[in-house]
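The lines below spell out each chain.
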Amino acid sequence: MARYRYTAYFEREVLRKRPYLRRAWCEYVIERAEKIEPQGNDRIRFWARVPALNDRYLRVITLADGVTIHNAFPDRGFKT
């Protein structure tokens, strides 16, 4: 059984809009986050540099449980 889950929004919209994204990268970001912060009451933001993404930072947003991935995108404005 997989440790991470994905929302229907992630499956239908995020992967459609960003077909280059990989689920493994999202899981990598959560497991090796350089920064974590709450986003409202029901979301958590995670950032990490992803080597396979040309060393760019990927922002992954999960639901409050921290394991249901809802959104992900390269974050060009991320500052450490």
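Residues numbered from 1 in each chain as written. Predicted model: local features only at pLDDT ≥ 70, side-chain atom pairs only at ≥ 80, totals over all residues. Heavy atoms only, no water.

> Explain the packing of aromatic side chains to me, please; I cannot follow it from the model alone.
For any pair of aromatic rings, the description rests on two quantities: the centre-to-centre distance and the angle between the ring planes. Enumeration over the complete set of coordinates arrives at 3 aromatic pairs. Both rings, one in tryptophan 47 and one in phenylalanine 78, keep their centres 5.3 Å apart while their planes meet at 20 degrees; by these two values the pair is stacked. With tryptophan 47 in strand β3 (residues 43–50) and phenylalanine 78 in the segment after β5 (68–74), this residue pair connects regions lying 31 residues apart in the sequence. Grouped by ring-pair contacts, the aromatic residues Trp47, Tyr57 and Phe78 constitute a single cluster. In this structure, arginine 23 is placed above the aromatic ring of tyrosine 6, and the distance from its NZ or CZ to the ring centre is 5.5 Å. Positioned over the ring face of tryptophan 47 is lysine 35, at 5.4 Å from the centre of the ring. (Phe/Tyr/Trp six-rings, centres within 6.5 Å; stacked < 30°, edge-to-face > 60°. Helix = DSSP H or I, 4+ residues; strand = E, 2+ residues; numbered from the N terminus. Lys NZ or Arg CZ within 6 Å of the ring centre and 35° of its normal.)

> Explanation requested: the pattern of salt bridges in the structure shown.
Pairs can form between side chains of opposite charge once their charged atoms are near each other. Applying the stated criterion across every chain, the model contains 8 salt bridges. The residue glutamate 11 makes a salt bridge to arginine 23 at a minimum N-O spacing of 2.5 Å. Of this pair, glutamate 11 sits in helix α1 (residues 8–17) while arginine 23 sits in helix α2 (residues 23–31), and the two are 12 residues apart along the sequence. On the basis of relative accessibility, which here comes to 34%, the residue glutamate 11 falls in the partly exposed class. For arginine 23, a relative accessible area of 35% gives the class partly exposed. Notably, a salt bridge pairs arginine 59 with aspartate 75, separated by 2.7 Å at the nearest N-O pair. Here the residue arginine 59 occupies a position in strand β4 (residues 56–63), and aspartate 75 occupies one in the segment after β5, the gap between them amounting to 16 residues. (Salt bridge = Lys/Arg side-chain N within 4 Å of Asp/Glu carboxyl O. Buried < 20%, exposed > 50% of the residue type's maximum accessible area, 1.4 Å probe, protein only.)

Keep in mind these numbers describe shape, not what the thing actually does.
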